[in-house]
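Chain and residue survey
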Amino acid sequence: MSTTTTITNLNEKKVYDYTQTSLTQMADWSIKFGKHKGTTFGELLTNHPDYCQWISANFDGGDALVQFINRSVVINVGEGC
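Criteria and cut-off values
- Residues numbered from 1 in each chain as written.
- Predicted model: local features only at pLDDT ≥ 70, side-chain atom pairs only at ≥ 80, totals over all residues.
- Heavy atoms only, no water.
- Helix = DSSP H or I, 4+ residues; strand = E, 2+ residues; numbered from the N terminus.
- Contact = heavy atoms within 4.5 Å.
- Core = buried A, V, L, I, M, F, W, Y, C linked by side-chain atoms within 4.5 Å.
- Buried < 20%, exposed > 50% of the residue type's maximum accessible area, 1.4 Å probe, protein only.
- Phe/Tyr/Trp six-rings, centres within 6.5 Å; stacked < 30°, edge-to-face > 60°.

Examining the side chain of Thr39
Here Thr39 lies in the loop between helix H2 (23-27) and helix H3 (41-47). Setting aside residues no more than four positions away along its own chain, Thr39 makes contact with Trp29, Ser30, Ile31 and Leu44.

What follows is the structure, given as structure tokens:
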């Protein structure tokens, strides 16, 4: 494997599809970093809708939290985020 290949592989972003995971299950997942570390996805959606809107507007759909928020918005139009 060449050095160029290794660097290219390190820069590739894995995108997971969580559409087969229920929103109820994902709501119990905890955030592992930052200001909201330890908060569940569901708590974040309920208690911090402005932060959810910011995440949805500023991050692509590869992250589990982004997918959870975006799917929740579609299902709960007008509630929370």
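After presenting the structure, the write-up continues.
Regarding the nonpolar core
In terms of nonpolar packing, the biggest core is built from 15 residues, with Phe41, Leu44, Ile55, Leu65, Phe68 and Ile69 touching the most fellow members. Counting residues per element, the ones that place at least two in this core are H2, H3, helix H4 (49-58) and helix H5 (64-75).

Structural notes on the packing of aromatic side chains
Where two aromatic rings form a pair, the distance of their centres and the angle of their planes describe that pair. In this structure the tally under the stated criterion is 4 aromatic pairs. Ring geometry for Tyr51 versus Trp54: centroids 5.9 Å apart, planes at 20 degrees, classification stacked. Here Tyr51 pairs with Trp54, and both are found in helix H4, just 3 residues apart, close to one helical turn. Judged by relative accessible area, which is 28%, Tyr51 ranks as partly exposed. For Trp54, a relative accessible area of 44% corresponds to the partly exposed category. Arranged with centres 5.4 Å apart and planes meeting at 75 degrees, the rings of Trp54 and Phe59 form a pair that is edge-to-face. Through pairs of rings, three or more aromatic residues link up here, namely Trp29, Phe41 and Phe68.

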